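# Breakdown of the fold
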Amino acid sequence: MEMTEVSTAPGTEPAEAASGTTRGGVTIKEIAQELGVSVPTVSKVLNGRGDVAPSTRERVEEALERHHYRRRRSGVVPAGTGLIDLVFHRLGSAWSMEIIRGVEDTAAQSRTSVILSGLSGEHRPPQTWLDATIARPPLGVLLVAANLTPAQHQLLDRRSIPYVVIDTDGEPPADVPSVGSDNWNGGLVATRHLLSLGHRRVAAITGPSDMLCSRARVDGFRSAHEEAGVTFEPGLVRTGNFYVEAGYEHGLDLLSRPDRPTAIFAGSDMQALGVLRAARELGLRVPDDLSVVGYDDLPLASWVGPALTTVRQPLAEMGAAATRILFDLIAGRAPQVRRLSLATELVVRESTAPPPRH
């Protein structure tokens, strides 16, 4: 699997292993003596160095865990030093740029550098990312629509590298802070708006089914139908990927049906753009023949024609809030909140109207 890493500011050289202790006060020197290896060997494992035999690395890692070894941070990190790693399950969209903006603006206040890593659509970082992170190491990590395996979590925790999850793909462990938004409400208000206009055949193009935000939006979509007493049709729900191509392909398919929907909740602004193109190619006018609702309220939503009705998700604010929580963890402070869900709201523009009369 390919991993993308981009530096957005000057970085720092990897640090040597900091001193640390176990719950019983055991040091790395004593761990080295117990295993019959050198202190530099234990230090190399702690720093993610590759020049350690796999069997030796495994023995050292097992001993570190058995003794509950945790690296000790050396006081307050001076402003302008260190970096944080911002890891996306997929880079390259306007959606990710909004989160980056929130993270960088907040990190800049502490003169902290930010590096970007992309996981090519995967939700769990590969070993190559873990090795590079341990070898670097960063002050902390922000994971977007991704999370760590229990073993990866354990390795970062042992090295005192805190992490926070943004828009998690699932429920993170209880000790991992997370920042997201109210996706269920977003799906509810988008669909409620379309039903209130009189639409009775409303389709939805979701995001990936393995992402919690996608499932929550569909649950809101379904709840709006139940609330209005309108029959929910599973055949009108399609699984996309939040990108333009999925909106276009599913839009063509849905709008080519003899019983086509009169409205589509596109699940993201990018998918909404794809739906708009599909409608245009089929000779359908928006909103006269078809109403379309997006999700995210990216800057482009107000510039397309017609201007897009969408659900505002506070992406930059999510990135900023997660960064503030991470800085609390880095400083050894308990965050004021460990689970933060920001509000979503409907923004009505020009792409929705009552259904056509026949």
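Higher on the page you've got the structure.
Everything quoted here is computed from the prediction, not taken from an experiment.

Scoring rules and cut-offs
- Residues numbered from 1 in each chain as written.
- Predicted model: local features only at pLDDT ≥ 70, side-chain atom pairs only at ≥ 80, totals over all residues.
- Heavy atoms only, no water.
- Helix = DSSP H or I, 4+ residues; strand = E, 2+ residues; numbered from the N terminus.
- Buried < 20%, exposed > 50% of the residue type's maximum accessible area, 1.4 Å probe, protein only.
- Contact = heavy atoms within 4.5 Å.
- Areas by Shrake-Rupley, 256 points an atom, 1.4 Å probe, with all protein chains shown as cover.
- Expected span 1.5 Å × (residues − 1).
- Pairing = 2+ DSSP bridges.
- Axes fitted to C-alpha atoms, helices over the stretch in contact; angles between N-to-C directions.
- Salt bridge = Lys/Arg side-chain N within 4 Å of Asp/Glu carboxyl O.
- Core = buried A, V, L, I, M, F, W, Y, C linked by side-chain atoms within 4.5 Å.
- Right-handed = clockwise from strand over helix to strand, strands pointing away.

## What to know about the overall build of the protein
Of the regular secondary structure elements, the protein holds eleven helices and 15 strands. Counting the 358 residues in the protein, one finds 54% classified as buried. Taking the contacts inside the protein whose residues are at least 6 apart along the sequence as the reference set, 75% of them involve residues at least 24 apart. As presented, the protein carries roughly 15,600 Å² of accessible surface, and 53% of it is formed by carbon and sulfur atoms.

## Quick look at helix α8 (residues 212-228)
Here α8 is 17 residues long and its end C-alpha atoms lie 25 Å apart, about the 24 Å a rise of 1.5 Å per residue gives. By the burial criterion, the buried members of α8 are C213, S214, A216, R217, V218, G220, F221, A224 and H225. For α8, the elements touching its buried residues are α7 (183-196), β9 (202-206), β10 (237-239), β11 (263-265) and β12 (291-296).

## Brief notes about the sheet that holds β10
Strand order in the open sheet formed by six strands is β10-β9-β11-β12-β13-β15, and the pairing between neighbours is mixed. The two strands at the open ends of the sheet, each matched to only one other strand, are β10 and β15 (345-347). Sheet twist, expressed as the mean angle between neighbouring strand axes with direction ignored, is 20 degrees. Across four bridges, the pairing between β12 and strand β13 (residues 309-312) is parallel. Along β13, the bridge assignment pairs V293 with T309. Its contacts with the sheet place helix α9 (residues 244-255) against β9, β10 and β11, and it is angled at close to 155 degrees to β9.

## Notes on the pattern of salt bridges
A complete count under the given rule lists 14 salt bridges for this structure. R192 is the partner of E227 in a salt bridge, and the nearest nitrogen-oxygen pair spans 2.7 Å. A residue pair is termed long-range when its members are at least 10 positions apart, and E227 in helix α8 and R192 in helix α7 qualify at 35 residues. Under the relative-accessibility criterion, R192 is labelled partly exposed at 35%. Several salt bridges converge on common partners, so that one network encompasses R201, E233, R257 and D259.

## Describing the nonpolar core
Ranked by size, the top nonpolar core spans 28 residues in total, and within it I84, L86, I99 and L142 carry the most contacts. Taken together, the elements giving at least two residues each to this core come down to β4 (83-88), α4 (94-108), β5 (113-118), β6 (140-144), β7 (163-166) and α11 (315-330). Looking at which element gives the most residues to this core, the answer is α11, with nine residues. In this view, L86 contacts I100, V103, V114, I115, L116, S117, L142 and V144; residues no more than four positions away in its chain are not counted. One finds L254, A272, V286 and A301 within the second-largest nonpolar core, a separate group that totals 17 residues.

## Re the pairing of β6
Across the five residues of β6, five count as buried, placing the element largely inside the fold. Alternating residues of β6 divide into G140, L142 and V144 and V141 and L143, and every residue in both groups is buried. Relative to β6, β4 runs parallel, the two sharing five bridges. Paired with L86 across the two strands is L142, which belongs to β6. The pairing of β6 with β7 spans four bridges and is classified as parallel. By the bridge assignment for β7, L142 is matched with V164. This β-α-β element, β6 to helix α6 (residues 150-158) to β7, shows right-handed connectivity.

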